[in-house]
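# A look at the structure
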Amino acid sequence: MSLLITGGTGYIGSHTVVELLKLNKDIVIVDNLSNSSTLVLDRITKITGNSVKFIKVDICDEHALNTVFEQNDIEAVVHFAGLKAVGESNEIPLDYYQNNVSGSVTLFKVMAKHNVKKLVFSSSATVYGENNTSPLKETMATSATNPYGQTKLMVENILFDLAKSDEQWSIACLRYFNPIGAHESGLIGENPNGIPNNLLPYVAQVAVGRLPKLQVFGDDYDTPDGTGVRDYIHVVDLALGHVKALESLSRISGCQPINIGTGNGTSVLEIVNSFKEASGQDIPYNIVPRRAGDIATVYADASVANDLLGWQASRDLNAMIADTWRWQSQNPNGFE
Ligand code: NAD
Ligand code: UFG
């Protein structure tokens, strides 16, 4: 039996594939390579000594997905495939709805047709919207402030309806907080196209000299140093959360939202200072006005993950930053 990993050549997918291969799981990756490259596959093999089956497929292509399920004995799916840039989603919302929502519905239909009803879905803390106070709990109201967030919320709601309609489904909706870091080997990591939107890849590219200066979006928030506070989680801890979620699916009935965060908040300036220390590089920055849509403080109540999955994050901020820097400095141009 194999695990199907959609989006498995991407940032979080590739780290999860590594952890699953270490457990000798049989893996089939499908990815359309819209935001990744097959170069990661050799790196995965280098780390684990195991190889992985890759099939270039777009999850919107029902026919191709059907063929994947016909030709492989799939027992469960981890669904990472999706577009993820908040700013871009405001510019091309229809592409986001088609790719993330229609693509997911297509995947779920093909899964149901082949009687595969175990799923781990990549959701996001973005579904908590702007009106809740951290620590964020799974029972809080959800909302979305941009098309990307809407797609995550819509897919979650589709999955709640699906699980209600058929009790054979076991679904873990993992609500990630802010994934950062890289595999400790320095062989795989985040490789954004163009200028990064997120803080850590941006800081890393300033440190390595690819970008001149960081812009810190606001220092007048109601936080200890005035800059935004987020719950950064090491991507390997996040990957291990998927391993635990897969192991726990037999105990989950219906669709269960689960926060995957550390429960700790770190400010933008704390990140900049830690990065400076770990890299020995200067990180020049300017304070600029707040970015539209940002909120002051976001961190998880991660107790459901602990109770239900037996999972908790174990890698601290120093490891997250050191591993980001190792990846960035050893691969200044990503996988190329
Ligand atoms: P990523 O872009 O590195 O990986 C996503 C992968 O999906 C890419 O390899 C891309 O080529 C592939 N893909 C996209 N559309 C596809 C399609 N239609 N068919 C097949 N493959 C497709 O992103 P990531 O950071 O690894 O994120 C993985 C998932 O986690 C995404 O669903 C994302 O929304 C979610 N998420 C990410 C973050 C984050 O900060 N990185 C936070 C919360 C949730
Ligand atoms: N920031 C800067 N300068 C930058 C980039 C970011 O100051 O160049 C600040 C932001 O204002 C924020 C913090 O750094 O305070 C983190 O910003 P990111 O863009 O890295 O992350 P966000 O918390 O805004 O959003 C991320 C993902 C979303 C996901 C969310 C989950 O981009 O997709 O985490 O909580 F939904």
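For the structure, see preceding data.
The following refers to the structure shown. These numbers come from a predicted model, not from an experiment. (Residues numbered from 1 in each chain as written. Chains lettered and ligands numbered in written order. Predicted model: local features only at pLDDT ≥ 70, side-chain atom pairs only at ≥ 80, totals over all residues. Heavy atoms only, no water.)

## Observations regarding the packing of helix α9 (residues 268-279) against helix α11 (residues 317-330)
Two elements in contact, α9 and α11, have axes separated by 9 Å at closest approach and are oriented at 60°. With respect to each other, α9 and α11 are oriented oblique. For the pair α9 and α11, the sense of crossing is right-handed. Of the residues in α11, those touching α9 at I271, S274, F275, A278 and S279 are L317, I321, T324 and W325. (Axes fitted to C-alpha atoms, helices over the stretch in contact; angles between N-to-C directions. Helix = DSSP H or I, 4+ residues; strand = E, 2+ residues; numbered from the N terminus. Parallel < 35°, antiparallel > 145°, perpendicular 65-115°, else oblique. Left-handed = near helix turned anticlockwise from the far one by under 90°. Contact = heavy atoms within 4.5 Å.)

## Let's talk about the packing of aromatic side chains
What the rule picks out here adds up to three aromatic pairs. A ring pair is formed by F275 and W325, whose centres lie 6.0 Å apart and whose planes are at 80°; its orientation type is edge-to-face. You can see F275 sitting in helix α9 and its partner W325 sitting in helix α11, a full 50 residues away along the chain. Note on W325: relative accessible area 14%, which makes it buried. Seen in terms of ring centroids, W327 and F335 are 5.0 Å apart; in terms of plane orientation they differ by 55°. Their pairing is tilted. Here F335 falls in the buried class, since its relative accessible area comes to 11%. Over the aromatic face of Y221 sits the side chain of R290, whose NZ or CZ is 4.1 Å from the ring centroid. (Phe/Tyr/Trp six-rings, centres within 6.5 Å; stacked < 30°, edge-to-face > 60°. Buried < 20%, exposed > 50% of the residue type's maximum accessible area, 1.4 Å probe, protein only. Lys NZ or Arg CZ within 6 Å of the ring centre and 35° of its normal.)

## Details of the nonpolar core
Judged by nonpolar contacts, the single largest core of 39 residues is most densely connected at I5, I27 and I260. Discounting chain neighbours no more than four positions away, the residues touching I27 are L3, I5, V17, L20, L21, V52 and K53. Grouped together as the second largest cluster of nonpolar side chains are 27 residues, L4, V68, F69 and L107 included. (Core = buried A, V, L, I, M, F, W, Y, C linked by side-chain atoms within 4.5 Å.)

## Quick notes on the pairing of strand β5 (residues 118-124)
Where burial is concerned, most of β5 is hidden: six out of the seven residues are buried. Pairing analysis gives three bridges linking strand β4 (residues 74-79) to β5, with the strands arranged parallel. When the sheet's bridge partners are listed, H79 is paired in β5 with F121. Each parallel crossover has a hand, and for β5 linked through helix α6 (residues 147-165) to strand β6 (residues 170-176) it is right-handed. (Pairing = 2+ DSSP bridges. Right-handed = clockwise from strand over helix to strand, strands pointing away.)

## A closer look at the environment of V203
Residue position: V203 is located in helix α7 (residues 199-207). Here V203 falls in the buried class, since its relative accessible area comes to 0%. Residues V203 and L41, 162 residues apart in the sequence, show an inter-C-alpha distance of 26 Å. Beyond its immediate chain neighbours, meaning those up to four positions away, V203 contacts L214, F275 and I283.

## Looking at helix α3 (residues 62-71)
Among all positions in α3, only A64, L65, N66, V68 and F69 are buried. For α3, the side-chain oxygen to backbone nitrogen distance between the N-cap and H63 is 3.3 Å, and the N-cap itself is D61. (Polar contact = N/O pair within 3.5 Å; in protein donor to acceptor, adjacent residues only side chain to side chain.)

## Points about the pairing of β6
Consecutive side chains of a regular strand alternate in pointing toward one face of the sheet and then the other. Taken across its seven residues, β6 has seven buried, putting it largely inside the fold. In β6, alternate side chains face the same way, and those of S170, A172, L174 and Y176 on one face and I171, C173 and R175 on the other are all buried. Where β5 and β6 come together, seven bridges link them in parallel fashion. When the sheet's bridge partners are listed, S124 is paired in β6 with Y176. As paired strands, β6 and strand β11 (residues 254-260) are joined by seven bridges and run parallel to one another. Residue pairing in the sheet places Y176 in a bridge with I260 of β11.

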